[in-house]
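# Geometric and topological summary
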Amino acid sequence: MIKNPMKYIQKTVILIGVLTFSCISIQCQSAGSAIKGPSEKDLNSDKKYQLPDIDLSHWKVTIPEGEGKGGAISVEPPKILDYATNEVLRPYMYNDSTSGALVFYAHPSNATTANTKYSRSELREQMVAGDDDINWTFKEGGNLKATISMEDVSRDEEGKYHKVIILQIHGRITDEQKKLIGQKDNNAPPILKVYWHNGKIRVKTKELKYLGTKADGLLYEDAWGDDDGYTFENEVGFKKFDIEIEVSDGKMVISLNNNEFKTYNNIHMEKWGVFENYFKAGNYLQTTDEGAYAKVKFFKLKVSH
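Residues numbered from 1 in each chain as written. Predicted model: local features only at pLDDT ≥ 70, side-chain atom pairs only at ≥ 80, totals over all residues. Heavy atoms only, no water.

Another aspect to go through is the overall build of the protein chain. When helices and strands are tallied, the protein chain shows four helices and 17 strands. Sorting the 305 residues of the protein chain into buried and exposed places 42% on the buried side. The long-range fraction of contacts in the protein chain, counting pairs at least 24 apart against all pairs at least 6 apart in sequence, stands at 70%. Accessible area for the protein chain stands at about 17000 Å²; split by element, carbon and sulfur atoms hold 50% of it. (Helix = DSSP H or I, 4+ residues; strand = E, 2+ residues; numbered from the N terminus. Buried < 20%, exposed > 50% of the residue type's maximum accessible area, 1.4 Å probe, protein only. Contact = heavy atoms within 4.5 Å. Areas by Shrake-Rupley, 256 points an atom, 1.4 Å probe, with all protein chains shown as cover.)

Put into structure tokens, the structure is as follows:
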């Protein structure tokens, strides 16, 4: 027999209220979890397709396809913008949508440009789209910034990785200069080559063989020789890295990951002012070994003048 019925009823009512509130809270929480939208982290993890940060509207590309030496195929703007659906380009220039990179693939072939034995899948800067005749001088200056990684590269018989040129500043003589020295084309030496070499970044430039060379003599390729080169200390391996090239009147600075710098500021840079120039970027494989190959990823590529 209940001694105090009213007190019992009060406790029962309170208990029912607590249980009811708890059930409602649990249901609300459960319902809330069901309708809650994905977090920013979830949204980012759902990304399945990423594009490289590269504007190709002022670049043409040369690939190791074509008819023999000097016959390598080149594709200019605006056709290069359709590289993802271009059946000729697709084996050599394609998107890696997982990492958001533009991949350049190269292997030795008979299709090369006129002045080399090596094959390339490489971009050539065009300040005016579709026109190779408008370029820039050191006095006018130029800046290139790129984020790159080596995806894969073959090895030689000694087990060493094959060298690949990933960036260049190439010289060019004008039509007037060509006529002046009786040269058949507008080709001039590259003032800068940036190599991926056994997991490190190595740069090479040109120096005058004789500092007393007169103005007209500077235009001849034979007037210039290779320097000893410089290898950056930090190893990049197959990891992503940032590189910047800054050119101004009589000066050239190359930086790696914004913490290592190589500066050229000398008489050779001053004399180089006689030439026009253009940037190159991609995969210029430095071997003719059978079975050799390389794949270079570009995540970002920006040029300004």
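For the rest of this paragraph, the subject is the pattern of salt bridges. Counting across every chain of the model gives ten salt bridges. The salt bridge involving Lys302 is made with Asp53; its shortest N-O contact spans 3.3 Å. You can see Lys302 sitting in strand E17 (residues 294–304) and its partner Asp53 sitting in strand E1 (residues 53–54), a full 249 residues away along the chain. Owing to a relative accessible area of 46%, Lys302 belongs among the partly exposed residues under this scheme. A relative accessible area of 35% places Asp53 in the partly exposed class. The partner of Lys206 in a salt bridge is Asp226, with the nearest N and O atoms 2.6 Å apart. Residue Lys206 is located in strand E10 (residues 200–208), and its partner Asp226 is located in strand E11 (residues 224–226); the two are separated by 20 residues in the primary sequence. Several salt bridges converge on common partners, so that one network encompasses Lys60, Arg124 and Asp132. (Salt bridge = Lys/Arg side-chain N within 4 Å of Asp/Glu carboxyl O.)

Within the fold, Thr287 resides in the loop between strand E16 (276–285) and E17. Reaching out from Thr287, the side chain makes a polar contact with the backbone nitrogen of Asp289 at a distance of 3.0 Å. Residue contacts for Thr287: discarding those within four places in its chain leaves Pro108, Tyr118, His162 and Ala292. (Polar contact = N/O pair within 3.5 Å; in protein donor to acceptor, adjacent residues only side chain to side chain.)

On the secondary structure map, Ser149 appears in strand E7 (residues 142–153). Beyond its immediate chain neighbours, meaning those up to four positions away, Ser149 contacts Phe238, Lys239, Lys240, Phe241, Val296, Lys297 and Phe299.

Right, let's talk about the packing of aromatic side chains for a bit. The geometry of an aromatic ring pair comes down to the distance between the two centres and the angle between the two planes. Evaluation of the coordinates by the stated rule reveals twelve aromatic pairs. For the pair Tyr92 and Tyr105, a centre-to-centre distance of 6.2 Å together with 15 degrees between the ring planes defines the contact as stacked. Of this pair, Tyr92 sits in the loop between strand E3 (72–75) and strand E4 (93–96) while Tyr105 is found in strand E5 (residues 101–106), placing the two residues 13 residues apart along the sequence. Measuring from centroid to centroid gives 4.9 Å for Trp224 and Trp272, while their planes differ by 80 degrees, and the two rings are edge-to-face. Separated by 48 residues along the polypeptide, Trp224 in strand E11 and Trp272 in the loop between helix H4 (267–271) and E16 bring together distant segments of the chain. Among the residues examined, Trp272 registers a relative accessible area of 0% and is labelled buried. Each residue in the set Trp136, Phe138 and Phe279 is aromatic and connected to the rest through ring pairs, giving one cluster. A cation sits over an aromatic face here: Arg120 above Tyr284, 3.8 Å from the ring centre. (Phe/Tyr/Trp six-rings, centres within 6.5 Å; stacked < 30°, edge-to-face > 60°. Lys NZ or Arg CZ within 6 Å of the ring centre and 35° of its normal.)

Across two bridges, E1 lies against E17 in parallel orientation. Paired with Asp53 across the strands is Lys300, a residue of E17. Pairing analysis gives five bridges linking E5 to E17, with the strands arranged antiparallel. If you follow Ala106 over to E17, its bridge partner there is Ala294. Bridge count between E7 and E17: ten bridges; the pairing is antiparallel. Counterpart to Ile148 in the pairing with E17 is Phe298. (Pairing = 2+ DSSP bridges.)

Another aspect to go through is the pairing of strand E2 (residues 59–66). Burial analysis of E2 places six of its eight residues in the buried class, the great majority of the element. Where E2 and strand E6 (residues 120–125) come together, four bridges link them in antiparallel fashion. The partner of Lys60 across the bridge, within E6, is Arg124. Bridge count between E2 and E3: three bridges; the pairing is antiparallel. Across the sheet, the residue bridging to Thr62 is Ser74, located in E3. Hairpin connection from E2 to E3: five residues lie between these consecutive antiparallel strands, with Gly68 at a positive phi of about 75 degrees.

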